[in-house]
Amino acid sequence: HYSPRAPLTVYEGDAVHVIGALRAAAAAAELDGRRVGLLLMDGDRVSAAKGEVRVLGPLGNPEAVAANLYAALRELDAAGVDVILAHGVSDTRGLGAALRDRLRRAAAGRVVQCSA
């Protein structure tokens, strides 16, 4: 598996709560002067003023997400971001489960569960 140089945190749970948590974390990191890298799914409305955004694909299409994951991580590393915040995959079956595992390994245990 690939572990990015920048610390990666994965946000899992209901998409609405994940988006809120990603926005808050990105804003806090930028206030601390850090460049943020965001790994998002299609339709996620999160931005980083001084950072980088990579969209992996539709959350419901694990094949597309898997095809883009490692290239996006490498691109964020090459861009020199200080921290990577990722919309996680909550699937526990098939390719979704494999993606969840890959993201969690790359995050070295930094996983945030997002709920109401």
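The structure reproduced in this document is the subject of the present report. This is a predicted model, so every value here is computed, not measured.

**Some words on the pattern of salt bridges**
Turning to step 1, where the next piece is worked out: For the coordinates displayed, the defined rule picks out seven salt bridges.
Turning to step 2, where the next piece is worked out: For Arg100, the salt bridge is made with Glu12, and the minimal N-O distance between the two is 3.4 Å. In this pair, Arg100 is assigned in helix α3 (residues 94–106) and Glu12 in strand β1 (residues 8–13), connecting sequence segments 88 residues apart.
Turning to step 3, where the next piece is worked out: The class of Arg100 is partly exposed, set by a relative accessible area of 21%.
Turning to step 4, where the next piece is worked out: The salt bridge partner of Arg105 is Asp101, with a shortest N-O separation of 2.8 Å. In this pair, Arg105 and Asp101 are both assigned in helix α3, four residues apart and thus about one turn of the helix distant.
Turning to step 5, where the next piece is worked out: Residue classification places Arg105 among the partly exposed positions, given a relative accessible area of 47%.
Turning to step 6, where the next piece is worked out: Salt bridges linked by common partners bring Arg35, Glu52, Arg54 and Glu75 together as one network.

**Some remarks on the nonpolar core**
Side chains that are nonpolar tend, in soluble globular proteins, to be buried together.
Turning to step 1, where the next piece is worked out: Counting residues in hydrophobic clusters, the biggest one holds 21 residues, and the most contacted among them are Leu8, Leu39, Leu56, Leu69, Leu73, Ile84 and Leu103.
Turning to step 2, where the next piece is worked out: Secondary structure elements with two or more residues in this core: β1, α2 (62–78), β4 (83–87) and α3.
Turning to step 3, where the next piece is worked out: With six residues, α2 is the largest single contributor of residues to this core.
Turning to step 4, where the next piece is worked out: When neighbours within four sequence positions are excluded, Leu73 is seen to be in contact with Tyr2, Pro4, Leu8, Leu39 and Ile84.
Turning to step 5, where the next piece is worked out: With 15 residues, the next largest nonpolar core counts Ile19, Ala29, Val83 and Leu85 among its residues.

**Notes on α3**
Because each turn of an α-helix spans 3.6 residues, side chains separated by three or four positions end up pointing in the same direction.
Turning to step 1, where the next piece is worked out: Between the first and last C-alpha of α3 there are 19 Å, a value that for 13 residues agrees with the 18 Å anticipated at 1.5 Å per step.
Turning to step 2, where the next piece is worked out: Along α3, the residues that are buried comprise Gly96, Leu99, Leu103 and Ala106. Down the axis of α3, the smallest arc covering the buried residues is 90°, so these residues share one side.
Turning to step 3, where the next piece is worked out: For α3, the elements touching its buried residues are β1, β2 (36–40), α2 and β4.
Turning to step 4, where the next piece is worked out: Ala108 sits one or two positions beyond α3 and adopts a positive phi of about 50°.

So, how was this worked out
- Residues numbered from 1 in each chain as written.
- Predicted model: local features only at pLDDT ≥ 70, side-chain atom pairs only at ≥ 80, totals over all residues.
- Heavy atoms only, no water.
- Salt bridge = Lys/Arg side-chain N within 4 Å of Asp/Glu carboxyl O.
- Helix = DSSP H or I, 4+ residues; strand = E, 2+ residues; numbered from the N terminus.
- Buried < 20%, exposed > 50% of the residue type's maximum accessible area, 1.4 Å probe, protein only.
- Core = buried A, V, L, I, M, F, W, Y, C linked by side-chain atoms within 4.5 Å.
- Contact = heavy atoms within 4.5 Å.
- Expected span 1.5 Å × (residues − 1).
- Arc of directions from axis to C-beta.

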